[in-house]
Amino acid sequence: MNGATSLAIFTGIMNSTAYQRILQKHLKPFVRKAYPGGHRFWQDNDPKHVSKSTKAWMEENNIHHFPTPAESPDMNVIENVWADLKYHIRRRVKPQNKAQLIHGIKDYWSSLTVEKCQRFIKHIFKVIPAVILRKGAASGY
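What comes next is a walk through the structure. Predicted model, so just to flag it, every value in this text is computed and none were measured.

About the thresholds
- Residues numbered from 1 in each chain as written.
- Predicted model: local features only at pLDDT ≥ 70, side-chain atom pairs only at ≥ 80, totals over all residues.
- Heavy atoms only, no water.
- Helix = DSSP H or I, 4+ residues; strand = E, 2+ residues; numbered from the N terminus.
- Rg over C-alpha atoms; globule rule 2.2 N^0.38 Å.
- Buried < 20%, exposed > 50% of the residue type's maximum accessible area, 1.4 Å probe, protein only.
- Contact = heavy atoms within 4.5 Å.
- Areas by Shrake-Rupley, 256 points an atom, 1.4 Å probe, with all protein chains shown as cover.
- Lys, Arg positive; Asp, Glu negative; His and termini not counted.
- Charge placed at Lys NZ, Arg CZ, Asp CG, Glu CD.
- Axes fitted to C-alpha atoms, helices over the stretch in contact; angles between N-to-C directions.
- Parallel < 35°, antiparallel > 145°, perpendicular 65-115°, else oblique.
- Left-handed = near helix turned anticlockwise from the far one by under 90°.
- Nonpolar A, V, L, I, M, F, W, Y, C, P; charged D, E, K, R; others polar.
- Phe/Tyr/Trp six-rings, centres within 6.5 Å; stacked < 30°, edge-to-face > 60°.
- Patch = residues over 30% accessible without salt bridge, like charges linked within 9 Å, V, L, I, M, F, W, Y side chains within 5 Å.
- Salt bridge = Lys/Arg side-chain N within 4 Å of Asp/Glu carboxyl O.
- Core = buried A, V, L, I, M, F, W, Y, C linked by side-chain atoms within 4.5 Å.

**Comments concerning the overall build of the chain**
- Looking only at helices and strands, the chain has six helices and two strands in total.
- Relative to the 2.2 N^0.38 estimate, which gives 14 Å for 141 residues, the radius of gyration of the chain is 16 Å and therefore close to what a compact globule would have.
- A principal-axis box enclosing the C-alpha atoms of the chain has dimensions of 40 × 35 × 30 Å.
- Residues counted as buried form 33% of the 141 residues belonging to the chain.
- Pairs at least 24 residues apart make up 65% of the contacts formed inside the chain by residues separated by at least 6 positions.
- In the form shown here, the chain has an accessible surface area of approximately 9600 Å², with 56% of it arising from carbon and sulfur atoms.
- Seen as two clouds, the 22 positive and the 10 negative side-chain charges of the chain have centres 4 Å apart.

Structural data, given as structure tokens:
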């Protein structure tokens, strides 16, 4: 648990190829530096994340993907990051234009300390028993 990757802000529609370029530029250097002994990359089941070409790219680039069940935001750590980011933008930044929005996103991302990332990751251990009790249904967390 070594904190957040560098931030990639893009415009337009993302497809598998664009996603792979972002992984190449931001994820690979982060993994190489922060996790030289091994890693697990966690993402959701968005089509660009699980496409044949993205799976092949990950295999070719030694990115070890942690598969998650379909439709399982409770089991995906990044969902907590997105919720916290949205709260930051709506409650603290309140952007009036694109430049303010981008500045707010960058401000939030710079606040993602190792400790904050660890809290998000450790939250999954609270969620897993609740998901099991509910036989895979939403945990309520």
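What follows picks up the thread again.
**As for unusual backbone geometry**
- At N62, a residue that is not glycine, the phi angle is positive and equals roughly 55 degrees.
- The exposure class of N62 is exposed, given its relative accessible area of 51%.

**Focus: the packing of helix α4 (residues 77-93) against helix α6 (residues 114-133)**
- With their axes 8 Å apart at the nearest point, α4 and α6 run at an angle of 130 degrees to one another. Of the possible angle classes, the one that applies to α4 and α6 is oblique. Considering how the two elements wind past one another, α4 and α6 form a crossing that is right-handed. Two secondary-structure elements touch here, α4 through V77, N80, V81 and D84 and α6 through K116, F120, I121, H123 and I124.
- Here the residues of the contact of α4 with α6 are counted per class, giving five nonpolar, two polar and two charged.

**A word on the packing of aromatic side chains**
- Taken as a whole, this structure holds two aromatic pairs when the rule is applied.
- Between the aromatic rings of F30 and Y35, the centroid separation amounts to 5.9 Å while the plane-to-plane angle is 70 degrees, which identifies the pairing as edge-to-face.

**Things to note about a positive patch on the surface**
- A contiguous patch of positive charge, built from K86, R90, R91 and K94, is present on the exposed surface.
- Looking at the element boundaries, R91 is found in helix α4.

**Quick notes on the pattern of salt bridges**
- Tallied over the entire structure, the rule returns two salt bridges.
- Between D46 and K48 there is a salt bridge; the shortest N-O distance is 2.9 Å.
- Overall, the relative accessible area of 24% leaves D46 in the partly exposed class.
- When the shortest N-O distance is used, the salt bridge between D84 and K116 registers 3.3 Å. Highlighted residues: D84 in helix α4 and K116 in helix α6, separated in sequence by 32 residues.
- The exposure class of K116 is buried, given its relative accessible area of 17%.

**Here we look at the nonpolar core**
- In this structure, V81, L85, Y108, W109, L112 and F120 are the most contacted members of the largest nonpolar core, which totals 14 residues.
- Considering every element that reaches this core, the biggest residue donor is α6, with five residues.
- When neighbours within four sequence positions are excluded, Y108 is seen to be in contact with V81, D84, L85, H88, K116 and F120.
- A18, L27, V31 and M58 belong to the second largest nonpolar core, which has ten residues in total.

Treat this as a map of the structure, not an account of what it does.
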